[in-house]
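Now for the letters of each chain:
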Amino acid sequence: MVKCKPFFAPFRSGQKNYLSQSALFTNILANGNHMKKILFILLLSAATQDFLWADAGTDLFNKVKAKYSTCASFYCQGDDTLTSDEQGKDHPFKAEKKFSIRFQRPALLRVDWIEPSMSSFSPVTNSLYTQDGKYYTVTSYQRT
Amino acid sequence: MGAMAGISDGNSLLIPALLLGKPGYFHNPACNALADAAMNGSDCNVLEITDTKAGTFTIYIDKTTLGIVHTHQVQKVDAAELRKAMEKAMKNMTGIKPALPQNDFTIERTYNYSAMSFDQEMKPDEFVFKQTKQ
């Protein structure tokens, strides 16, 4: 348990007694000195703003998840760039790919991607697919 | 990093996982809304999602379609943790083994999505392919 000064105690203790917190807030606003009031309002507005942004973020992410997990079908294409400094800051690694994603509910999924080959001038083609929720991959496919 | 070494090079963990209702990258995400922005020609809501395992994602979401048009992932990799995982995975492996990482490092990954469509009927043959002979 973190020991804290009485003014901050209710904020840090995670107390659930909102009624007594509310009484405390009123008390600070009514009886606290000027600096305490300003500090209190700043703390409260920052905490409220963080809470609202986090709440709005979670709501939006849930909406996005619902959109993707209930759509009848989906298609997109795109590019993917990966960089890493695993070999040191002076030797950054970079890999680029192009991909497409197609999906038909209930579970017909196919992801195709194409990337440069380490050993040949011809790029490597790969697929990820599922019809049953488990993933399978195929390398060097040819579209029918 | 384990995901990068998987069969799909991480490709199954974002959009495919969302489509199939799987957690993918996001097991215990913390979401924060950032300021709106334009991305790839779309007016977007922007989210910062932090996941304890997969790192921090900035995700641009088209306001009209709710489709994800751009993601940027930053993942700090702990070399010791990764070495442990790789050693475990390579226990029964024969032949040349990949070098083990010595220092912590950072991976950044950017996806741009285009030509996106939802709920457009797709023919089953869109999903059919045959393997070429090696």
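Calculation criteria
- Residues numbered from 1 in each chain as written.
- Chains lettered and ligands numbered in written order.
- Predicted model: local features only at pLDDT ≥ 70, side-chain atom pairs only at ≥ 80, totals over all residues.
- Core = buried A, V, L, I, M, F, W, Y, C linked by C-beta atoms within 7 Å.
- Buried ≥ 20, exposed ≤ 12 C-beta atoms within 10 Å, placed from the backbone.
- Helix = DSSP H or I, 4+ residues; strand = E, 2+ residues; numbered from the N terminus.
- Contact = placed C-beta atoms within 7 Å.
- Pairing = 2+ DSSP bridges.
- Axes fitted to C-alpha atoms, helices over the stretch in contact; angles between N-to-C directions.
- pLDDT = per-residue confidence, 0-100.

### Re the nonpolar core
Here's step 1: In terms of nonpolar packing, the biggest core is built from 33 residues, with Ile101 of chain A together with Leu19, Ile49, Ile59, Ile61 and Ile68 of chain B touching the most fellow members.
Here's step 2: Here this core takes four residues from strand 3 (residues 55–62) of chain B, the largest share from any one element.
Here's step 3: Excluding residues within four positions of it along the chain, Ile68 of chain B makes contact with Val64 of chain A together with Ile15, Ile59, Ile61 and Tyr113 of chain B.

### Details of the sheet that holds strand 5 (residues 136–139) of chain A
Here's step 1: In space, the ten strands of this open sheet follow the order 5(A)-4(A)-3(A)-2(A)-1(A)-5(B)-4(B)-3(B)-2(B)-1(B), with antiparallel pairing throughout. Since the sheet does not close on itself, it has two edges, and those belong to strand 5 of chain A together with strand 1 (30–39) of chain B, each with one partner. For this sheet the average axis-to-axis angle between neighbouring strands, irrespective of direction, equals 20°.
Here's step 2: One ladder, built from seven bridges, connects strand 3 (residues 108–115) of chain A with strand 4 (residues 124–130) of chain A; its direction is antiparallel. Pairing of Glu115 of chain A across the sheet is with Val124 of chain A, part of strand 4 of chain A.

### Structural notes on the confidence of the model for chain A
All names here are of chain A.
Here's step 1: Overall, the predicted model of chain A reaches an average pLDDT of 76, with 69% of residues at or above 70.
Here's step 2: Predicted confidence in chain A is weakest over helix 1 (residues 9–13), with a mean pLDDT of 45, and strongest over strand 1 (residues 73–84), with 94.
Here's step 3: Confidence drops under pLDDT 50 across residues 1–19; counting only partners more than four residues distant or on other chains, this segment forms eight contacts.

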